[in-house]
Amino acid sequence: MMEHIYNDLKNLRDKGALVHCITNYVAMNINANTLLSIGASPLMSHSRSELKEIAAISSCLVNNIGTLDDNWKPSFLEASQYYVEQNKPIILDPVGSGASKLRTQTSLEIIKGSKKLIIRGNASEIQSLVDQSKISSKGVDSSIESHAAIESGKILSKENDCVVFISGGDDFIIYEDKVTKISNGSTIMTKVTAIGCSLSCIVGAFASVGESLYKSAISSASIFSIAGELAASKSEGPGDFQVNFLNKLNNITEKEIFDNLKITSV
């Protein structure tokens, strides 16, 4: 299970990936810097008049609904259509799904209009996309532990033929009945805004070069969380963590991955 993880990173660094991000205003800067640090290239565009051209040159699409409004919604849906036509990966970050009808419904519409899809969210967001009556969401923060959403993740995966990536204290990557658990990372990662959004971008980069969406999600989760763990160990707080994190993404080694990875099949 571990062998492909560093190979995927090496492949990304060798080949590169142009990641088209329709992302929120809060996240744009750190998303771009995170992609550059890992070896990919960011492209931020949500203008409908250029989406078709951007899709033609990009490796994947990352839809992040963090600062969703009525003008952005058509861009998410139209862009997804172009990536489906070209059989390129689509990543959905359903930020705050469950907090409002607009966010939940937009996420569900993007899912319906996507193929080669990975959904990456916290437990509350994932549960809201399966059965909204059983989760009391508090918005962009998860109000439940990640493991509590595993069954919802399986349902979501089977119903939509997609990979589901639940982020939290432990990360769970799900495809149908297959579940991989990764237990790296640091709580300080929750103290820097848009770290989770950046993870969704990294998932897109790996999905562009990996042999399967499931393995690509495992690789991205592993490397991202280990980099966070190692960066946290030499950081005083959120400020220098962000700098140390970008540096570690840039220079993480095969040995660091194998020595630190905590991965199990569930």
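Above this text is the structure in question.
Residues numbered from 1 in each chain as written. Predicted model: local features only at pLDDT ≥ 70, side-chain atom pairs only at ≥ 80, totals over all residues. Heavy atoms only, no water.

S.K.: Describe the side chain of Asp93, with residues and values.
M.R.: Within the secondary structure, Asp93 is located in strand 4 (residues 90–93). A polar atom in the side chain of Asp93 sits 2.9 Å from the side chain of Arg120. Asp93 has contacts with Asn63, Asn64, Ile65, Arg120, Gly196, Cys197 and Ser200, leaving out every residue within four places of it along the chain. (Helix = DSSP H or I, 4+ residues; strand = E, 2+ residues; numbered from the N terminus. Polar contact = N/O pair within 3.5 Å; in protein donor to acceptor, adjacent residues only side chain to side chain. Contact = heavy atoms within 4.5 Å.)

S.K.: Hey, could you go over the nonpolar core for me, with residue numbers and the actual values?
M.R.: Among the nonpolar cores identified, the biggest contains 85 residues, and Val19, Ile38, Ile118, Ile173, Phe241 and Phe245 are the most heavily contacted of them. Non-local contacts of Ile118, meaning those with residues more than four positions away in its chain, are made with Ile90, Ile91, Leu92, Val163, Phe165, Val203, Ala207, Leu213 and Ala217. (Core = buried A, V, L, I, M, F, W, Y, C linked by side-chain atoms within 4.5 Å. Buried < 20%, exposed > 50% of the residue type's maximum accessible area, 1.4 Å probe, protein only.)

S.K.: How would you sum up unusual backbone geometry? Please name residues and give values.
M.R.: Phi at Asn87 takes a positive value of approximately 55°, unusual for a residue other than glycine. Relative to the helices and strands, Asn87 is located in the loop between helix 4 (73–85) and strand 4. Even without being glycine, Asp161 reaches a positive phi, approximately 50°. Along the polypeptide, Asp161 turns up in the loop between helix 7 (150–160) and strand 6 (163–167).

S.K.: A description of the pairing of strand 8 (residues 178–182) should follow, citing residues and the corresponding values.
M.R.: Here five bridges tie strand 7 (residues 171–175) to strand 8, and the two strands are oriented antiparallel to one another. Looking at the pairing, Ile174 lines up with Val179 of strand 8. A loop of two residues connects strand 7 with strand 8, the two strands running antiparallel in sequence, and Glu176 in this loop sits at a positive phi of about 55°. Pairing of strand 8 with strand 9 (residues 263–265) involves three bridges; the strand directions are antiparallel. Bridging across to strand 9, Ile182 finds its partner in Ile263. (Pairing = 2+ DSSP bridges.)

S.K.: Which residues make up the packing of helix 1 (residues 3–15) against helix 8 (residues 195–209), and what values do they have?
M.R.: Packing of helix 1 against helix 8 leaves a shortest axis separation of 9 Å and a crossing angle of 90°. Classified by the angle their axes make, helix 1 and helix 8 are roughly perpendicular. Seen from helix 1, the contacting residues are Asp8, Leu9, Asn11 and Leu12; seen from helix 8, they are Ala205, Phe206 and Val209. Of the residues in the contact of helix 1 with helix 8, the class split is five nonpolar, one polar and one charged. (Axes fitted to C-alpha atoms, helices over the stretch in contact; angles between N-to-C directions. Parallel < 35°, antiparallel > 145°, perpendicular 65-115°, else oblique. Nonpolar A, V, L, I, M, F, W, Y, C, P; charged D, E, K, R; others polar.)

S.K.: With reference to specific residues and values, describe the pattern of salt bridges.
M.R.: Taken as a whole and judged by the stated rule, the model has 11 salt bridges. Measuring nitrogen to oxygen at the nearest pair gives 2.8 Å for the salt bridge that ties Glu78 to Arg48. One end of the pair, Glu78, is in helix 4; the other, Arg48, is in the loop between strand 2 (41–44) and helix 3 (51–57), and 30 residues separate them in sequence. The exposure class assigned to Glu78 is buried, which follows from its relative accessible area of 17%. Looking at Arg48, the relative accessible area reads 47%, which means it is partly exposed. The partner of Lys248 in a salt bridge is Glu256, with the nearest N and O atoms 2.9 Å apart. (Salt bridge = Lys/Arg side-chain N within 4 Å of Asp/Glu carboxyl O.)

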